[in-house]
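Residue-level listing of the chains:
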Amino acid sequence: MPHRDPERLSQIECTAAELFGRSGYYATSLQSLADAVGLTKAGLLHYVGSKDNLLTLVMRDVYDADAMAKLGADGNDQPVGTVSLPGYLRDIVAQNAERPHLVRLFTMLNTETLNPDHPARQYFQDRERLLEHLADNPCWRIPEGVDVHATLNAAMMAMDGIQIKWLREPGRDLVAMWKQIEPALFPETIWGPID
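These notes cover the structure that comes with them. Note that this is a predicted model, so its numbers are computed, not measured.

### What about the packing of helix H8 (residues 148–168) against helix H9 (residues 174–185)?
Here's step 1: Closest axis-to-axis distance for the H8/H9 pair is 10 Å, and the angle between their directions is 150°. Accordingly, the angle class assigned to the pair H8 and H9 is roughly antiparallel. Between H8 and H9 lies a crossing whose hand is right-handed. Contacts from Ala154, Ala155, Ala158, Met159, Ile162, Gln163, Lys165 and Trp166 in H8 reach Leu174, Met177, Trp178, Ile181 and Leu185 in H9.
Here's step 2: Classifying every residue of the contact of H8 with H9 gives eleven nonpolar, one polar and one charged.

### Quick look at the nonpolar core
Here's step 1: Ile12, Phe20, Leu33, Val48, Leu54, Met59 and Leu105 are the most contacted members of the largest nonpolar core, which totals 29 residues.
Here's step 2: Put simply, the parts of the chain that give this core at least two residues each are helix H1 (6–23), helix H2 (30–37), helix H3 (41–48), helix H4 (51–71), helix H6 (100–112) and helix H7 (121–136).
Here's step 3: Looking at which element gives the most residues to this core, the answer is H4, with seven residues.
Here's step 4: The residues touching leucine 105, leaving out its near neighbours within four places in the chain, are Ala17, Phe20, Gly21, Val58, Met59 and Tyr63.
Here's step 5: Core analysis: the second largest hydrophobic core is formed by 24 residues, Val83, Val93, Cys139 and Ile162 among them.

### Thoughts on H7
Here's step 1: Taking 1.5 Å of rise per residue, the 16 residues of H7 would be expected to cover 22 Å, and the 23 Å separating its terminal C-alpha atoms lies within 8% of that figure.
Here's step 2: All of the buried residues along H7 are Tyr123, Phe124 and Ala135. For H7, the buried positions fall inside an angular range of 130° around the axis, keeping them on one side.

Thresholds applied
Residues numbered from 1 in each chain as written. Predicted model: local features only at pLDDT ≥ 70, side-chain atom pairs only at ≥ 80, totals over all residues. Heavy atoms only, no water. Axes fitted to C-alpha atoms, helices over the stretch in contact; angles between N-to-C directions. Helix = DSSP H or I, 4+ residues; strand = E, 2+ residues; numbered from the N terminus. Parallel < 35°, antiparallel > 145°, perpendicular 65-115°, else oblique. Left-handed = near helix turned anticlockwise from the far one by under 90°. Contact = heavy atoms within 4.5 Å. Nonpolar A, V, L, I, M, F, W, Y, C, P; charged D, E, K, R; others polar. Core = buried A, V, L, I, M, F, W, Y, C linked by side-chain atoms within 4.5 Å. Buried < 20%, exposed > 50% of the residue type's maximum accessible area, 1.4 Å probe, protein only. Expected span 1.5 Å × (residues − 1). Arc of directions from axis to C-beta.

Shown next, in the form of structure tokens:
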């Protein structure tokens, strides 16, 4: 493959993340993206190969790279079992509050994957399997008797719902919204104070 300027590719990926987040994968044309980054459609394809490949690059190089940079190289800055599940989720919410454009991207694409032919469907299915793996191999303190699968599933559904409301109502405080529902998800009588 011909030489591709990494800074130019990064610009394309970041612009695509913005456009996919705003309009969705299907409604974003390669031509509109090419126009936004000052390239011809052929020039854009020189960098990304195809629209499906561009989506893969966006999720890997923009969405996942940003999340890993904020959570630490291994996804957990603290030794296993030193933080509670509620504290871990609170950290994710705080991180997401700083990156609304990527939360919008995630939410838009996740919704579009209701179409079984969507090119990101496998990405989101793999993500669900990762949550199952995390529940089977928790890296957080879990009180005895708590069903970690059910708790993590409920918490992730609550997080998705709150993030949609937050995106729909700009100016709201995502962290404050999460803190309002924490007592229902993680009662202090079971979990103790949240880290």
